[in-house]
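# Descriptive analysis of the structure
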Amino acid sequence: MGTDIKNVGIGTRFIHAGAEPDPSTGAIMTPIFQTSTFVQEAPDVHKGYDYSRAGNPTRTALEKAYAGIENANYGLAFSSGLGATDAIIKLLSAGDEVIAGTDMYGGSYRLFSKVFERMGIKFQYVDQRNPYNIAKAISPRTKLIWVETPTNPLINIVDIAAVVAIAKPHNILVCVDNTFASPYLQNPLELGADIVMHSSTKYLGGHSDVVQGAIMINDEKLRDELYFLQKSCGAVPGPMDCFLVLRGIKTLHVRMQRHCENGRKVAEALRKNPKVGKVHWCGFEDHPGHEVAKKQMRDFGGMISIELKDESLEAAVEVMKKTKVFSLAESLGGVESLVNHPATMTHASIPREERIKNGLSDSLIRLSVGIEDAEDLIADLNQAIG
Ligand SMILES: *Cc1c(COP(=O)(O)O)cnc(C)c1O
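Residues numbered from 1 in each chain as written. Predicted model: local features only at pLDDT ≥ 70, side-chain atom pairs only at ≥ 80, totals over all residues. Heavy atoms only, no water.

## Let's talk about the site of the ligand
- Near the ligand you find 14 residues, and of these Gly81, Asp177, Ser199, Thr201 and Lys202 are the closest.
- A distance of 2.6 Å separates a nitrogen atom of the ligand from a polar atom in the side chain of aspartate 177.
- Within the contact set of the ligand, an oxygen atom lies 2.8 Å away from a side-chain nitrogen or oxygen of lysine 202.
- Computed on the free molecule, the ligand has an accessible area of 380 Å², of which 92% lies beneath the protein chains in the complex.
- Residue assignment for the shell around the ligand shows that the elements contributing at least two residues are helix H3 (81-89) and strand E6 (195-199). (Near = heavy atom within 4 Å. Polar contact = N/O pair within 3.5 Å; in protein donor to acceptor, adjacent residues only side chain to side chain. Areas by Shrake-Rupley, 256 points an atom, 1.4 Å probe, with all protein chains shown as cover. Helix = DSSP H or I, 4+ residues; strand = E, 2+ residues; numbered from the N terminus.)

## Details of the sheet that holds strand E11 (residues 338-340)
- The strand order across the open sheet formed by 5 strands is E8-E9-E12-E11-E10, and the pairing between neighbours is mixed. Lying at the two open borders of the sheet, with one neighbouring strand each, are strand E8 (276-280) and strand E10 (327-328).
- As paired strands, E10 and E11 are joined by 2 bridges and run parallel to one another. The partner of leucine 328 across the bridge, within E11, is valine 339.
- Relative to the sheet, helix H10 (residues 252-272) contacts E8, strand E9 (303-308) and strand E12 (365-368), its axis offset from that of E9 by approximately 10°. (Pairing = 2+ DSSP bridges. Contact = heavy atoms within 4.5 Å. Axes fitted to C-alpha atoms, helices over the stretch in contact; angles between N-to-C directions.)

## A look at unusual backbone geometry
- For the bond running from threonine 149 to proline 150, omega is -10°, close enough to zero to count as cis.
- By secondary structure assignment, the location of proline 150 is in the loop between strand E4 (142-148) and helix H6 (160-167).
- The residue after asparagine 152, namely proline 153, is reached through a cis peptide bond having omega 10°.
- You will see that serine 208, though not glycine, has its phi angle at about 50°, which is positive.
- Within the element layout of this structure, serine 208 appears in the loop between E6 and strand E7 (213-217).

## A look at the sheet that holds E4
- In space, the 7 strands of this open sheet follow the order E1-E7-E6-E5-E4-E2-E3, with mixed pairing throughout. With partners counted over all chains shown, the strands left at the sheet margins are strand E1 (74-78) and strand E3 (122-126), one partner each. Mean inter-strand twist for the sheet, computed between neighbouring axes without regard to direction, equals 20°.
- Each of E1 and E7 is contacted by helix H2 (residues 57-69), which is oriented at about 125° to E1, the strand it contacts most.
- Against the sheet, helix H4 (residues 106-116) contacts strand E2 (97-101), E3 and E4, and its axis sits at roughly 145° relative to E3.

## Some points on the side chain of threonine 323
- Among the secondary structure elements, threonine 323 is positioned in the loop between helix H12 (313-322) and E10.
- Leaving out residues up to four positions away in the same chain, threonine 323 has contacts with Val339, Asp380, Leu381, Gln383 and Ala384.

## Describing empty space enclosed by the protein
- Scanning the model with the defined rule gives 4 cavities of 30 Å³ or more in all.
- What the largest cavity holds in volume is close to 70 Å³.
- Elements supplying a minimum of two residues to the lining of the largest cavity: helix H1 (10-16) and helix H9 (239-249).
- Taken together, the residues of the lining of the largest cavity break down into 9 nonpolar, 2 polar and 1 charged.
- Lining the second largest cavity, in full, are Gly101, Thr102, Met104, Tyr109, Tyr125, Ile350, Glu354 and Asn358.
- Residues belonging to the lining of the second largest cavity are distributed by class as follows: 4 nonpolar, 3 polar and 1 charged. (1 Å grid on protein atoms, 1.4 Å probe; cavity = no way out; pocket = protein on both sides within 12 Å on 5 of 7 lines; lining within 4 Å. Points joined across faces, edges and corners; volume = space filled by probe spheres on them. Nonpolar A, V, L, I, M, F, W, Y, C, P; charged D, E, K, R; others polar.)

## Observations concerning the domain arrangement of the chain
- Domain parsing of the chain yields domain 1 (10-249) and domain 2 (255-385).
- Its C-alpha centre places domain 1 at a distance of 26 Å from the equivalent point of domain 2.
- Interface area, domain 1 with domain 2, both sides summed: about 3,100 Å², of which 59% is carbon and sulfur.
- When residues of domain 1 are sorted by the area they lose upon contact with domain 2, Leu154, Leu185 and Tyr203 head the list and together hold 24% of the total.
- Counting across the domain 1 and domain 2 interface gives 1 salt bridge.
- A salt bridge links aspartate 159 to lysine 295; its shortest N-O distance comes to 2.8 Å.
- On the surface where domain 1 and domain 2 come into contact, there are 20 residue pairs in polar contact (both at pLDDT 80 or more).
- Listed by contribution, the elements that provide at least two residues to the side of domain 1 that touches domain 2 are H4, H6, helix H7 (182-185) and H9. (Domains from an automatic or database assignment. Buried area = accessible area lost by both parts, 1.4 Å probe. Salt bridge = Lys/Arg side-chain N within 4 Å of Asp/Glu carboxyl O.)

## Brief notes about the packing of H10 against helix H14 (residues 374-385)
- For the pair H10 and H14, the least separation of the axes is 10 Å and the interaxial angle reads 30°. Taken together, H10 and H14 sit at an angle that is classed as roughly parallel. Read as a crossing pair, H10 and H14 show a hand that is right-handed. On H14, the residues that touch Asn262, Lys265, Val266, Ala269 and Leu270 of H10 are Ala374, Leu377, Ile378, Leu381 and Ile385. (Parallel < 35°, antiparallel > 145°, perpendicular 65-115°, else oblique. Left-handed = near helix turned anticlockwise from the far one by under 90°.)

## Overview of the packing of aromatic side chains
- According to the stated counting rule, one finds 6 aromatic pairs in the structure shown.
- When the ring of phenylalanine 38 is compared with that of tyrosine 49, the centres are 5.5 Å apart and the planes differ by 35°; the resulting orientation is tilted. Placement of the pair is phenylalanine 38 in the loop between H1 and H2 and tyrosine 49 in the loop between H1 and H2, with a sequence separation of 11 residues.
- Each ring, one from tryptophan 281 and one from phenylalanine 300, has its centre 6.1 Å from the other, and the planes form 80°; the classification is edge-to-face. Here the residue tryptophan 281 occupies a position in the loop between E8 and helix H11 (290-296), and phenylalanine 300 occupies one in the loop between H11 and E9, the gap between them amounting to 19 residues. Per residue, the accessibility class of tryptophan 281 equals that of phenylalanine 300, and both read buried. (Phe/Tyr/Trp six-rings, centres within 6.5 Å; stacked < 30°, edge-to-face > 60°. Buried < 20%, exposed > 50% of the residue type's maximum accessible area, 1.4 Å probe, protein only.)

Shown next, in the form of structure tokens:
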């Protein structure tokens, strides 16, 4: 008996989404169907699976879970967050236009500017904190608005409902990269967005042991088009990776609750450190996006970025070399805390001039606050900052 996950609390939903006991054995955990192909009784007579690029039972369980955790009708799993993004942009054709934000994940910017521009899709980058900038950028060829909120790495907030209100009369699709918030904090489809995308590598997997991406949608036609692209272009995850994300999702609510609690404690402590200049965290009442964050998010998460009063690159590098509990690494959203230098690491593919203009300084330090003891995290940052 499966649990009806539409009418239960978020924790019950995360644990039971996509989970059915294995019909052949009763195994409570979805088996890892480590197979590339499936034996057929006669040509095209089979049990629903013919080849693992087109479909695999472990992936099917995860795709049901993806739908469940965003309250969506459909979920699709991809080999990485960028694999998912790639499929979404391939809904468009040469000559079509996309409006994206000035502050977003560097890899998305690279895919847009270095790959899809070359194929004739045009991208405009506007400061989406003010939705009016999006309205001004719309042309008859605009087909998609790409929103990331909170943004990576500056923790800016974009008003999803306001963007949807601007897009709808023009029949423009709205896709939200919901990686930073996770479905625990924010459900963009419920705010009217058409597509949600996640790098499952981050909070959904949650243990820094898998690279994967997800798409959630309500519209059946859109689902069919995206499934066609998934199957035709082939950016599918393997069954073992699907199993790992299925397992990660079961503790998402517990982990996120602690990420949020620790995020608040760390952000407040950093503000008290006399050597710290700016602390970007959307839970502060004086954060410019705080009211919108309060409206569209359940809490404020564990992603923080900081700038030291000493704005030199050397000072920032010293701090990143000295942390002991925080590890210096790309990625985010795992149980362990990470520190990252966007200018040389995650966002190095954005030209320096662009970065600086958009507020991403050379000395910005990004923190993914994990779920260790907050006291240890604060002590570690304070000793590193000195
Ligand atoms: C990491 C990340 C991506 C890309 O995901 P991959 O799984 O690394 O391909 C996209 N968007 C955001 C906000 C990210 O943090």
